[in-house]
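# Chain and residue survey
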Amino acid sequence: MILGVYLAIGALAGLIAGMLGLGGGVVIVPALALVFPLLDMPAAVLMHLAIGTSLAIIVPTSLSSAYAHYRRGAVDVPLVLTLLPGLVVGAVLGGWLADKLPSALLARIFGGFVTAVAVQIFFNASAPGRRPLPSRGGLLGAGGVIGTASTLLGIGGGSLTVPFLTFCRVDMRRAVASSAACGLVLGVIGAATFLWAGRDHPQLPAGAIGYLYLPAFIGIALASVATAPLGARLAHSLPVPTLKRVFAMFLALAGLRMLGVLSF
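Model, not experiment: these values are computed from the prediction. (Residues numbered from 1 in each chain as written. Predicted model: local features only at pLDDT ≥ 70, side-chain atom pairs only at ≥ 80, totals over all residues. Heavy atoms only, no water.)

## Concerning the nonpolar core
Core analysis: the biggest nonpolar cluster contains 50 residues, and Tyr6, Leu32, Phe36, Met47, Phe110, Tyr213 and Ile220 have the highest contact counts within it. Sorting elements by how many residues they give to this core places helix 3 (residues 46-71) first, with nine residues. Counting 19 residues, the second-largest nonpolar core is a separate cluster that includes Leu79, Ile146, Ala180 and Val185. (Core = buried A, V, L, I, M, F, W, Y, C linked by side-chain atoms within 4.5 Å. Buried < 20%, exposed > 50% of the residue type's maximum accessible area, 1.4 Å probe, protein only. Helix = DSSP H or I, 4+ residues; strand = E, 2+ residues; numbered from the N terminus.)

Listed below in structure tokens is the structure:
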């Protein structure tokens, strides 16, 4: 039964990623945060396992997406390489911070983020005004912020990278493609950091390697990779604006639940 739950989470994450262009982490982390307590996961490591597992799942999905974009020449390789050092340092820092924070606080941080994303999606909000890409130093700093926040939250960075790049006048197609390449880096470094940070935790459940829970990783990764292409096709035949608003409402409920505002 629990394998079916993981497959369902992965299928939904893949569809959302394909249809709406959102990283699967915004689905996977809150879903695992709801499922893991039903499996009597230790509360002290519950959110760490949800985030670490999400980061590991991002690796195969981002690899597939980034390669497809790269073959079409959409990835801005010089831009990604400029962001790369900041992303790597930020990813390690985010993993280190997450290891030091209590699971309950991580849940509230993620709940606040998810609620904000839900509001942005529902109202289709965007930052006013645009400016050119910053200097090399500015891009390194931006990469550091994106890497830290993405790893701390267990997301691939698309929720942060794409808005930043489009705000800086990068074409949307190049922004999405470059974000996929950045997501691969964040997934690899972030997952490795969570694996290392949790390697000796005394409360890890059976099936966990560091802060990576293998049963969830396998089930969700298989389903998400399979359904992402279907989501991309559905985006051309379904009313995406309506789907976005419905998804935003479910996302807001999950975020408010993690903030402790709702108790269902």
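Past the structure itself, the notes keep going.
## Some details on the packing of aromatic side chains
A full pass over the atoms with the stated rule returns four aromatic pairs. Aromatic pair Phe194 and Tyr211: ring centres 6.1 Å apart, planes at 70°, arrangement edge-to-face. Of the two residues, Phe194 is situated in helix 8 (residues 172-197) and Tyr211 in the loop between strand 1 (208-209) and strand 2 (212-213); the sequence distance between them amounts to 17 residues. Accessibility expressed as a relative area gives 3% for Tyr211, which makes it buried. The ring of Trp196 carries Arg199 above its face, with NZ or CZ at 3.7 Å from the centroid. (Phe/Tyr/Trp six-rings, centres within 6.5 Å; stacked < 30°, edge-to-face > 60°. Lys NZ or Arg CZ within 6 Å of the ring centre and 35° of its normal.)

## As for the packing of helix 4 (residues 77-100) against helix 6 (residues 136-153)
Angle between the axes and distance between the axes: these two values describe a pair of packed helices. At a minimum axis distance of 6 Å, the contact between helix 4 and helix 6 shows a crossing angle of 35°. Crossing angle aside, the handedness with which helix 4 passes helix 6 is right-handed. Considering only residue class, the contact of helix 4 with helix 6 consists of twelve nonpolar, ten polar and one charged. (Axes fitted to C-alpha atoms, helices over the stretch in contact; angles between N-to-C directions. Left-handed = near helix turned anticlockwise from the far one by under 90°. Nonpolar A, V, L, I, M, F, W, Y, C, P; charged D, E, K, R; others polar.)

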